[in-house]
Amino acid sequence: MTTQRRNKDPDSAARDKARQLMSERGETFAHQAGIRLANEPSPLFRLLVLTVLLSVRISTPIAVAAAREITAAGWRTPQALAKASWQDIVDALGRAHYKRYDESTATALGDDAKLLIDRWNGDLRRLRSDADGDPNRIRELLQEFRRIGPVGAEIFCREAQGVWPELRPSFDRRTLDGAARNRLPRDPDRLAALVEPSDLPRLAAALVRATL
């Protein structure tokens, strides 16, 4: 018995805790918003929209609901959103009760759609190529979109690390705070080692929810 205790993996309890968190709270915010994330132009653009919506002081459920309204309106590509009227975007945000920031966010979304079209031909994979595999450069380029600052860039990367491996591991301060609350490692590499690479977005989402 003593020998078994000595040989026991010291990280096994942490792995169990990580699995428990993912089981209870591990739905990604993209999935919650109805986005089946893949390395394709439309789902990546919809993740960008979700990131913009989450990047103001508004509740996560309302931001997620607003992302669903944008999709329901048919604006799944930057080209479609760029053609939408400002008032139609405001109305869509209003249906999700995205108040106070609805008008300024409608402007930001329209401008961001146009920027994506003009600079990267409507395809965030081109932004990724411009970064040449450098995750810090990806974060810098993301911040060229309106409303997306350092925090917003981290929101995008937490979700996108599932399809862009160079972003792994993406655990920002909020994620690591959630890890500390659950007695998990604050070191990003040690934390990432607790789960399969494909599960990193789910673990990140669970840890963020642990701070809410």
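Our structure is the block above this text.
Just so it is clear, the model here is predicted, and its values are computed rather than measured.

Peer 1: Just checking my understanding: could you explain the environment of L81 for this structure?
Peer 2: Following the sequence through the fold, L81 ends up in helix α6 (residues 78-83). For the pair L81 and P185, spaced 104 residues apart in sequence, the C-alpha to C-alpha distance is 41 Å. Contact partners of L81, with chain neighbours within four places excluded, come to F45, V49, W75, I89, L109 and A113.

Peer 1: Honestly, the layout of surface pockets in this entry has me stumped. Any pointers?
Peer 2: The probe, sized like a water molecule, is rolled over the atoms to show the empty space still left. Of the voids in this model, the largest pocket is the one considered here, and its volume is about 540 Å³. Around the largest pocket sit 22 residues that line it, and L54, V151, I155, R158 and R174 are the ones nearest its centre. Broken down by secondary-structure element, the contributors of at least two residues to the lining of the largest pocket are α5 (60-72), α11 (150-160) and α12 (173-181). Top contributing element to the lining of the largest pocket by residue count: α11, with 6 residues. Of the residues assigned to the lining of the largest pocket, the class counts are 10 nonpolar, 4 polar and 8 charged. In this structure, the second largest pocket occupies an estimated 170 Å³ of space. Counting only elements with at least two residues in the lining of the second largest pocket, the list comes to α3 (29-32) and α14 (200-209). Grouping the amino acids of the lining of the second largest pocket by side-chain chemistry returns 5 nonpolar, 4 polar and 3 charged.

Calculation rules
Residues numbered from 1 in each chain as written. Predicted model: local features only at pLDDT ≥ 70, side-chain atom pairs only at ≥ 80, totals over all residues. Heavy atoms only, no water. Helix = DSSP H or I, 4+ residues; strand = E, 2+ residues; numbered from the N terminus. Contact = heavy atoms within 4.5 Å. 1 Å grid on protein atoms, 1.4 Å probe; cavity = no way out; pocket = protein on both sides within 12 Å on 5 of 7 lines; lining within 4 Å. Points joined across faces, edges and corners; volume = space filled by probe spheres on them. Nonpolar A, V, L, I, M, F, W, Y, C, P; charged D, E, K, R; others polar.

Read these as layout, nothing more, since geometry by itself doesn't imply function.
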